[in-house]
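# Chain and residue survey
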Amino acid sequence: MASVCFYFQVHQPHRLRRYSIFDSDASYFDSQRNSVILDKVVRKCYLPASQLLLELVRQHKGNFRFAFSFTGLILDQLHRQHPQVLAIFQELVKTGCVEVLGETYHHSLGSIYSPDEFIEQIDLHAALVQKHFGVEPRVFRNTELIYDNKLAAVIEGLGRYRGILAEGADHVLAGRSPNVLYHPPGRPGLRLLLKNYRLSDDVAFRFSDRKWDQWPLTAEKYARWLGRNEPAGEVRNLFMDYETFGEHQWAESGIFDFLRALPGAILADKRHDFRTPSECLASYTSAGEYDVPHLTSWADTERDVSAWLGNAMQANALRELYRMEIPIKEAGDPALLEDWRRLTTSDHFYYMCTKYFSDGAVHKYFNPYASPYDSYINFMNVLDHLRGRVDGEVVADPEPPDVTH
């Protein structure tokens, strides 16, 4: 039997407004633009996809099961701006067929730069999940699927998580299958679910590509792919952005028809089922150690962290940002802390990426700036003003941030 394990990442950042070195306004984030973008994503993806998933869960009477990973940022935005979408997510969780994963509240890179802030954001996120869904996350998904052996030690030390999601990186697997459970070196009690990036990317990136030799992708064809090489493993971990449905792959591509047909096509083969991450961890044993001494992620062909840390601009911006952590927290100002935490969101550093060729096309598509250099200058202008507020050199009178945690 092969169990299909779907997880969908739901996240929208607080994008910065254009900010010059002469700007003195402490309202750093482009509220209007962020609202417009969220409205569009809700209309194209969150609302139709969530309504369809709820319909499919009910239609298949508990046999269609999957997981969501919500950042705290998107939950706050939906709570304020689109409570009807949050209500559908809550209804999905109430069915018992949908698991909610743990992660960082602000979609940050804290696991690399600040262990204390990393744990604080995990705790804040767990509290918010409890508030909105009445459940405690038991499986952890780090920002951008960033993972290494050190992260495994931190997560195990928290005592609340039984497993972690990570990328099935070819250079780490070294010929082994991503379709089985693994465990970190010396930590047999903590299990790892590895993303099958080829099967995931067939939907997330290639679905509407008419030049792809497998286009068009039907639910029946995809179900056959999931059943291939049955002896090679027990799980098919399909991890992707929720915006795949309707935003990255437009409705006109047939993506919703594909999603509607997929559970039935998979369940038609009685050897297969759907399981949530926690159910996979409870059902299957580890096939061995997955030793990751260096950071991996979902991104680009290298499956490393160079999308966020690959150039001097990114390194400088992150270094200067996290140098402010202690002064920010010592200041005891919730508005100041919230502004700083919103700046830790990984998207800001993704926009500074200068990678090119095949990976560069992806980076350019998601970049709201004319160039990575514009992104860096804008971010550093904001950071300089924030530093002035911490040092008492400027007096801020911004609108109070929307903080629900």
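Criteria and cut-off values
Along each chain, the written sequence defines residue order, and numbers are assigned to residues from 1. At least 70 in pLDDT is required for a residue's local features to be given in this predicted model, at least 80 for side-chain atom pairs to be given and counted, and no such filter applies to totals for whole chains, interfaces and linings, which use all residues. In computing side-chain properties, one takes all heavy atoms of the structure into account and sets aside hydrogens as well as water. Every helix listed is a DSSP run of H or I at least four residues long, and every strand listed is a run of E at least two residues long, numbered separately from the N terminus. For every residue, the accessible area obtained with a 1.4 Å probe (protein chains only) is divided by the maximum for its type, and the residue is called buried under 20%, exposed over 50%, and partly exposed between those limits. We call two residues in contact whenever any of their non-hydrogen atoms come within 4.5 Å of each other. Where accessible areas are quoted, they stem from the Shrake-Rupley method and a 1.4 Å probe; at the residue level, only the protein chains shown are allowed to cover. Within this scheme the basic residues Lys and Arg register as positive and the acidic residues Asp and Glu register as negative, but His and the chain ends are omitted. By convention, charge coordinates are those of NZ in Lys, CZ in Arg, CG in Asp, or CD in Glu. When a carboxyl oxygen of Asp or Glu is within 4 Å of a side-chain nitrogen of Lys or Arg, the pair counts as a salt bridge. For helices, the fitted line uses only the C-alpha atoms of the stretch in contact; every axis is such a line through C-alpha atoms, and the angle between N-to-C directions lies from 0 to 180 degrees. Roughly parallel here means an angle under 35 degrees, roughly antiparallel means over 145, roughly perpendicular means 65 to 115, and every remaining angle is called oblique. Nonpolar residues are Ala, Val, Leu, Ile, Met, Phe, Trp, Tyr, Cys and Pro. Charged residues are Asp, Glu, Lys and Arg, and all others, Gly as well, are polar. pLDDT gives the predictor's per-residue confidence on a scale running from 0 to 100. Only the six-membered ring of Trp is used, alongside the rings of Phe and Tyr, when aromatic pairs are assigned; centres must lie within 6.5 Å, and planes under 30 degrees apart are stacked while those over 60 apart are edge-to-face, with the rest tilted. Buried Ala, Val, Leu, Ile, Met, Phe, Trp, Tyr and Cys residues form a nonpolar core when they are joined through side-chain atoms within 4.5 Å. Here the rule is simple: two strands pair whenever DSSP picks up at least two bridges between them. Directions from the helix axis toward the C-beta atoms define the arc.

## Overview of the overall build of the chain
Each helix and strand counted, the chain has 18 helices and twelve strands in total. Across its three principal directions, the C-alpha atoms of the chain cover 65 × 45 × 45 Å. The proportion of buried residues among the 405 residues of the chain is 58%. Considering only residue pairs separated by 6 or more positions, the chain has 77% of its internal contacts joining residues 24 or more positions apart. Of the roughly 16700 Å² that the chain leaves accessible, carbon and sulfur atoms contribute 51%. A distance of 6 Å separates the average location of the 44 positive side-chain charges in the chain from that of its 54 negative side-chain charges.

## Looking at the pattern of salt bridges
Applying the stated criterion across every chain yields a total of 30 salt bridges. A salt bridge links Glu117 to Arg341, with the nearest nitrogen and oxygen atoms 2.7 Å apart. Note that Glu117 is positioned in helix H5 (residues 115–133) and Arg341 in helix H15 (residues 334–343), a separation of 224 residues in sequence. Assigned by exposure class, Glu117 and Arg341 land together as buried. A salt bridge links Lys329 to Glu325, with the shortest nitrogen-to-oxygen separation between them at 2.8 Å. Of this pair, Lys329 and Glu325 both sit in helix H14 (residues 325–331), separated by four residues, roughly a single helical turn. For Glu325, a relative accessible area of 10% gives the class buried. Several salt bridges share partner residues, and in doing so they unite Glu117, Glu120, Glu325, Lys329 and Arg341 into one network.

## Some thoughts on the side chain of Glu243
Along the chain, the position of Glu243 falls in the loop between strand E8 (235–241) and strand E9 (245–246). For Glu243, the contacting residues outside a window of four places in its chain are Gln9, His11, Gln12, Val41, Cys45, Tyr46, His248 and Gln249.

## Thoughts on the side chain of Ser50
Turning to its location among the elements, Ser50 is positioned in helix H1 (residues 31–59). Ser50 sits in the buried class, given a relative accessible area of 0%. In this view, Ser50 contacts Cys45, Ile88, Phe89, Leu92 and Tyr242; residues no more than four positions away in its chain are not counted.

## Concerning unusual backbone geometry
With an omega of 0 degrees, the peptide bond between Trp215 and Pro216 qualifies as cis. By the element assignment, Pro216 lies in the loop between helix H8 (197–204) and helix H9 (219–227). Here the phi dihedral of Arg303 falls at roughly 55 degrees; this positive angle occurs in a residue that is not glycine. Counting through the fold element by element, Arg303 comes out in the loop between strand E12 (286–289) and helix H12 (306–309).

## Topic: the packing of helix H2 (residues 72–81) against helix H3 (residues 83–94)
Close contact between H2 and H3 brings their axes to 6 Å; oriented N to C, the two are set at 120 degrees. The pairing of H2 with H3 is recorded here as oblique in orientation. On H3, the residues touching Leu75, Leu78, His79, Arg80 and Gln81 of H2 are Pro83, Val85, Leu86 and Phe89. Its residues assigned to classes, the contact of H2 with H3 shows six nonpolar, two polar and one charged.

## Some points on the confidence of the model for the chain
Of the residues in the chain, 93% have a pLDDT of 70 or more, and the chain-wide mean is 93. Low pLDDT (under 50) marks residues 396–401, which in the prediction has eight contacts with non-local residues, meaning those over four places away or in another chain.

## Re the packing of aromatic side chains
In this description, a pair of aromatic rings is defined by centroid distance and the angle of the planes. One pass over the full model with this rule turns up 32 aromatic pairs. When the ring of Phe89 is compared with that of Tyr242, the centres are 5.9 Å apart and the planes differ by 50 degrees; the resulting orientation is tilted. Of this pair, Phe89 sits in helix H3 while Tyr242 sits in the loop between E8 and E9, placing them 153 residues apart in sequence. By relative accessible area, Tyr242 is classed as buried at 0%.

## Focus on the nonpolar core
In terms of nonpolar packing, the biggest core is built from 60 residues, with Tyr46, Phe66, Phe68, Leu92, Tyr222, Tyr242 and Phe245 touching the most fellow members. Element by element, the count of residues in this core is highest for H1, at twelve residues. Apart from the residues lying within four places of it in its own chain, the contact partners of Tyr46 are Val10, His11, Gln12, Leu38, Val41, Ile74, Leu78, Val85, Tyr242 and Glu243. Counting residues in hydrophobic clusters, the runner-up holds 30 residues, among them Leu321, Tyr322, Leu343 and Phe379.

## A short note on the environment of Phe70
The residue Phe70 is located in strand E2 (residues 66–70) in this model. Linking Phe70 and Val10, residues 60 residues apart in sequence, is a C-alpha distance of 4.9 Å. Aside from chain neighbours lying at most four places away, what touches Phe70 is Val10, Leu75, Phe89, Val100, Glu103, His125 and Phe133.

## Topic: the pairing of strand E7 (residues 191–195)
With four of its five residues buried, E7 lies for the most part within the structure. Sheet topology places strand E5 (residues 163–167) next to E7; five bridges connect them, and they run parallel. Bridging from a neighbouring strand, Gly163 pairs with Arg191 of E7.

## Digging into helix H6 (residues 149–158)
Turn by turn, an α-helix covers 3.6 residues, leaving residues three or four places apart pointing in a common direction. Within H6, burial applies to Leu151, Ala152 and Ile155. Along the axis of H6, the buried positions cluster into a sector of 100 degrees, meaning they face one direction only. Away from the buried face of H6 by more than 90 degrees, exposed residues Lys150 and Gly157 are located. For H6, the elements touching its buried residues are helix H4 (110–113), H5, strand E4 (139–141) and E5.

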